[in-house]
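Below, each chain spelled out in residue letters.
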Amino acid sequence: MRTDTRFEVVDIPGGGGLVGTSEPILHEDEEAPVRPTKIKPFKISPTTVTNREFSAFIDATGYQTEAERYGWSFVFWSEVPKSRGRTEAVPGGEWWRKVKHARWDCVNGASPPLNDHPVVHVSWNDAWAYAKWVGGRLPSEAEWEHAARGGAGDIRFPWGDREPDDASFFPCNIWQGKFPERNDARDGYVTTAPAQSYEPNGYGLYNMVGNVWEWTADPVRLKSLKATSRKRATEMRGFKLLKGGSFLCHRSYCYRYRIAARTGNSRESTTSHQGFRVVWDS
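Conventions used here
Residues numbered from 1 in each chain as written. Predicted model: local features only at pLDDT ≥ 70, side-chain atom pairs only at ≥ 80, totals over all residues. Heavy atoms only, no water. Helix = DSSP H or I, 4+ residues; strand = E, 2+ residues; numbered from the N terminus. Rg over C-alpha atoms; globule rule 2.2 N^0.38 Å. Buried < 20%, exposed > 50% of the residue type's maximum accessible area, 1.4 Å probe, protein only. Contact = heavy atoms within 4.5 Å. Areas by Shrake-Rupley, 256 points an atom, 1.4 Å probe, with all protein chains shown as cover. Lys, Arg positive; Asp, Glu negative; His and termini not counted. Charge placed at Lys NZ, Arg CZ, Asp CG, Glu CD. 1 Å grid on protein atoms, 1.4 Å probe; cavity = no way out; pocket = protein on both sides within 12 Å on 5 of 7 lines; lining within 4 Å. Points joined across faces, edges and corners; volume = space filled by probe spheres on them. Nonpolar A, V, L, I, M, F, W, Y, C, P; charged D, E, K, R; others polar. Pairing = 2+ DSSP bridges. Axes fitted to C-alpha atoms, helices over the stretch in contact; angles between N-to-C directions. Salt bridge = Lys/Arg side-chain N within 4 Å of Asp/Glu carboxyl O. Core = buried A, V, L, I, M, F, W, Y, C linked by side-chain atoms within 4.5 Å. Parallel < 35°, antiparallel > 145°, perpendicular 65-115°, else oblique.

A look at the overall build of the protein chain
Next up, step 1: Per the secondary structure count, the protein chain includes five helices and 14 strands.
Next up, step 2: Against the globule reference of 19 Å for 282 residues, the protein chain gives a C-alpha radius of gyration of 18 Å, in line with a compact fold.
Next up, step 3: Each of the three principal axes of the protein chain carries a C-alpha extent, and together these read 50 × 45 × 40 Å.
Next up, step 4: Taking all 282 residues of the protein chain together, the buried fraction comes to 54%.
Next up, step 5: In the protein chain, once contacts between residues fewer than 6 apart in sequence are set aside, the share between residues at least 24 apart is 70%.
Next up, step 6: Summing over all exposed atoms, the protein chain offers an accessible surface of approximately 13,100 Å²; the carbon and sulfur share of this is 51%.
Next up, step 7: Positive and negative side-chain charges in the protein chain, numbering 38 and 35 respectively, have mean positions lying 4 Å apart.

Next comes the structure, spelled out in structure tokens:
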């Protein structure tokens, strides 16, 4: 465990919290209903873990991420260097490419990471190992939503209810343009932004939506008895929950840069738009 605790944390008050929404958009994700919950006070990192912070973990422990062990990870098609030549696509999601040597310190298989950007290509197992090293853990879905709301209650986004657009209001790092062919990057970023970007929410937390998906401690739970939901639940058995959306989200395709939105992935999966932040018990 890391003994040097000189890193910034934010105290999140306990009390009544909310999970979910009364106005679901993606019903198959079971965003509804909105549910009151009790939250114990906790501490949270104001940003997702950065490459600089993750590098310190690697240097201190010699830990090898799962992408390093695999020898590859998934990279969005437009970020694959031409020098890589032909790459294998994901059936049904051809914008994801299996790229050799893509990993946290080589984000597209060829380029080093930027120190102040979120670490990516980390699996749930990698995120859990880092969190344990700093004496913390990954947040529950309820804790994550409580933190993202910033004390403002039942809001759609960390800043309120105003919808981001492709023209003049850019409160977070998401896609602008036609997905997946063209990203106009009018918010200033084609891929990740620095972890401390845009205006923080009411608790002083940055990029709670957009930029990178964030691993949570919770498994994906889908409880609907509908046949389609049962099939989806079977497909996601053993998956871990992610929150917040990423730089690849757009209302026309993946409207999951909302607080109540959710998705899941297998705990060993690594991609160029998944990261995490850490919480500590108060």
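So, empty space enclosed by the protein
Empty space among the atoms becomes visible once a probe the size of a water molecule is rolled across them.
Next up, step 1: Under the criterion given, the structure shown has one cavity of 30 Å³ or more.
Next up, step 2: Of the volumes computed, that of the largest cavity is approximately 40 Å³.
Next up, step 3: What lines the largest cavity is Asp 29, Val 220, Leu 222, Arg 232, Met 236, Leu 241, Arg 262 and Thr 263.
Next up, step 4: A per-class count over the lining of the largest cavity returns four nonpolar, one polar and three charged.

A word on the sheet that holds strand β1 (residues 10–12)
Next up, step 1: Pairing is antiparallel across the open sheet formed by three strands, whose spatial order is β1-β4-β14. Since the sheet does not close on itself, it has two edges, and those belong to β1 and β14 (279–281), each with one partner. Taken over all neighbouring pairs, the strand axes of this sheet differ in orientation by 30° on average, direction set aside.
Next up, step 2: Looking at chain direction, strand β4 (residues 42–44) and β14 are connected through three bridges and run antiparallel. From the neighbouring strand, Phe 42 faces β14, where its bridge partner is Asp 281.
Next up, step 3: Here helix α4 (residues 141–149) sits on the sheet in contact with β1, β4 and β14, set at roughly 70° to β4.

Quick word on the pattern of salt bridges
Next up, step 1: Taken as a whole, this structure holds 17 salt bridges when the rule is applied.
Next up, step 2: Across the pair Arg 137 and Asp 281 runs a salt bridge whose closest N-O atoms are separated by 2.7 Å. Separated by 144 residues along the polypeptide, Arg 137 in the loop between α3 (124–133) and α4 and Asp 281 in strand β14 bring together distant segments of the chain.
Next up, step 3: In this structure Asp 281 comes out as exposed when scored by relative accessible area, which is 56%.
Next up, step 4: Across the pair Asp 184 and Arg 182 runs a salt bridge, and its minimum N-O distance is 2.8 Å.
Next up, step 5: The class of Asp 184 is partly exposed, set by a relative accessible area of 37%.
Next up, step 6: In this structure, a network of salt bridges that share partners links the residues Glu 141, Glu 145, Arg 149, Asp 154, Lys 243 and Arg 262.

As for the nonpolar core
Next up, step 1: The biggest cluster of nonpolar side chains holds 45 residues, and the ones touching the most others in it are Ile 12, Ile 44, Phe 54, Tyr 130, Leu 205, Phe 276 and Val 278.
Next up, step 2: For Leu 205, the contacting residues outside a window of four places in its chain are Val 10, Ile 12, Ile 44, Ser 45, Pro 46, Ala 147, Pro 200 and Arg 277.
Next up, step 3: Grouped together as the second largest cluster of nonpolar side chains are seven residues, Phe 76, Trp 96, Trp 175 and Phe 179 included.

Side note on the packing of helix α1 (residues 51–61) against α3
Next up, step 1: Where α1 meets α3, the closest approach of the two axes is 11 Å, and the angle between their N-to-C directions is 80°. As far as their axial angle goes, α3 and α1 are roughly perpendicular. Note on element contacts: α3 touches α1 through Asp 126, Ala 129, Tyr 130 and Trp 133, opposite Glu 53, Phe 54, Ala 56, Phe 57, Ala 60 and Thr 61.
Next up, step 2: For the contact of α1 with α3, the per-class residue count stands at seven nonpolar, one polar and two charged.

Some thoughts on the sheet that holds strand β6 (residues 88–90)
Next up, step 1: Across the sheet, three strands lie side by side as β5-β7-β6; this open sheet has antiparallel pairing. Both outer strands of the open sheet, β5 (72–76) and β6, are each paired with one neighbouring strand and no more. Sheet twist, expressed as the mean angle between neighbouring strand axes with direction ignored, is 40°.

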